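Analysis of the macromolecular model
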Amino acid sequence: MIEIYSSYGCKICKHEFVLLSEQEQEQLKNNRYLVCPYCSSQKVIKQNKSDSLKECMSARSYKREKGAIRQR
Ligand SMILES: [Zn+2]
C-alpha cells in the first residue's frame, strides 16, 4: 500500500492539514468537497509539500475523524 499525502491549507482559519491521496481521490470522485477539518470551510488550497512526520500524524487523526467516509 502506497501512502502519499496531499497537503492543504485552509484560507479561512489558516490551519494546514493533509489527506491521503487515496482519500482525496475518493472524495473528489464522489463529488464531495474537500473541507477543512478545523472549521469545515470548503476554501482549501492544495499545497506542494508532503510527507513530513508532523503532517503524517495530523493525517492520521484526520483519517480517524472522518472514518465513516472511508468505510466501504
Ligand atoms: Zn479552516
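Scroll up a little and you will see the structure.
Anyway, here's the lowdown on the structure attached to this text. Starting afresh in each chain, residues are numbered from 1 along the sequence in its written order. Side-chain atom pairs in this predicted model are given and counted only at pLDDT of 80 or more, local residue features only at pLDDT of at least 70, and totals for whole chains, interfaces and linings cover all residues. Side-chain metrics in this entry use all non-hydrogen atoms of the structure; hydrogen atoms and water are not considered.

**Regarding the overall build of the chain**
Going along the chain from the N terminus, every DSSP run of H or I of four or more residues is numbered as a helix, and every run of E of two or more is numbered as a strand. For the chain, the count of helices and strands is three helices and three strands. Secondary structure elements of the chain occur, N-terminal to C-terminal, as β-β-α-β-α-α. Across the 72 residues of the chain, 35% fall into the buried class. What makes two residues a contact is simply this: any of their non-hydrogen atoms within 4.5 Å. Expressed as a percentage of contacts within the chain between residues at least 6 apart in sequence, the contacts between residues at least 24 apart total 55%. Shrake-Rupley sampling with a 1.4 Å probe provides the accessible areas, and residues are treated as covered by the protein chains on show and by no other component. Carbon and sulfur atoms form 50% of the exposed surface of the chain, whose accessible area is close to 5,200 Å². For the exposure calls, accessible area comes from a 1.4 Å probe over protein chains only, and a residue counts as buried if that area is under 20% of its type's maximum, exposed if over 50%, partly exposed in between.

**Section: the coordination of the zinc ion**
Nitrogen, oxygen and sulfur within 2.8 Å of a metal are treated as its donors, or within 3.2 Å for sodium, potassium and calcium (Na, K, Ca); water is not counted, so a site can appear incomplete. Cys10 (SG), Cys13 (SG), Cys36 (SG) and Cys39 (SG) make up the full set of protein donors to the zinc ion, lying at 2.3 Å. One can describe the site at the zinc ion as tetrahedral: its four donor atoms subtend angles covering 107 to 115 degrees at the metal. The sequence motif formed by the donor residues of the zinc ion is C-x2-C-x22-C-x2-C. Of this pair, Cys10 sits in strand 1 (residues 5-10) while Cys39 sits in the loop between helix 1 (21-29) and strand 3 (44-47), and the two are 29 residues apart along the sequence. Judged by relative accessible area, Cys39 falls into the partly exposed class, the value being 33%. Tetrahedral means four donors with every angle between 85 and 135 degrees, whereas square planar (four donors) and octahedral (six donors) require angles over 155 degrees between opposite donors and between 65 and 115 for all others; sites fitting neither are termed irregular.

**A short note on the packing of aromatic side chains**
The pairing test for Phe, Tyr and Trp rings, Trp by its six-membered ring, is centres within 6.5 Å, and the orientation test on the planes gives stacked under 30 degrees, edge-to-face over 60, and tilted for anything in between. By the definition in use, this model includes one aromatic pair. Geometrically, the ring pair formed by Tyr8 and Phe17 is stacked, given 5.9 Å between the ring centres and 15 degrees between the ring planes.

**Let's talk about the sheet that holds strand 2 (residues 16-20)**
Between any two strands, pairing holds if DSSP finds at least two bridges. On the basis of which strands lie adjacent, the open sheet formed by three strands has the order 2-1-3 and antiparallel pairing. One side of each edge strand has no neighbouring strand; the edge strands of this open sheet are strand 2 and strand 3. Within this sheet the neighbouring strands show an average axis-to-axis angle of 35 degrees, counted without direction. In the sheet, strand 1 pairs with strand 3 via four bridges, with the strands oriented antiparallel. Following the sheet pairing, Ser7 is matched in strand 3 by Gln47. Sitting on the sheet, helix 1 touches strand 1, strand 2 and strand 3, and the angle it makes with strand 2 is about 85 degrees. Here an angle of 0 to 180 degrees is reported between the N-to-C directions of two axes, which are lines fitted to C-alpha atoms, with helices fitted over the stretch in contact.

**A few points about the pairing of strand 1**
Among the six residues that make up strand 1, six are buried, leaving the element largely enclosed by the rest of the structure. Residue alternation in strand 1 divides its side chains into two sets, Tyr5, Ser7 and Gly9 and Ser6, Tyr8 and Cys10, and both sets are buried. Bridging between strand 1 and strand 2 involves five bridges; their strand directions are antiparallel. From the neighbouring strand, Gly9 faces strand 2, where its bridge partner is Glu16. Between strand 1 and strand 2, which pair antiparallel in sequence order, lie five residues; one of them, Lys14, sits at a positive phi of approximately 70 degrees.

Fair warning: the whole summary comes from geometry, so function is off the table for now.
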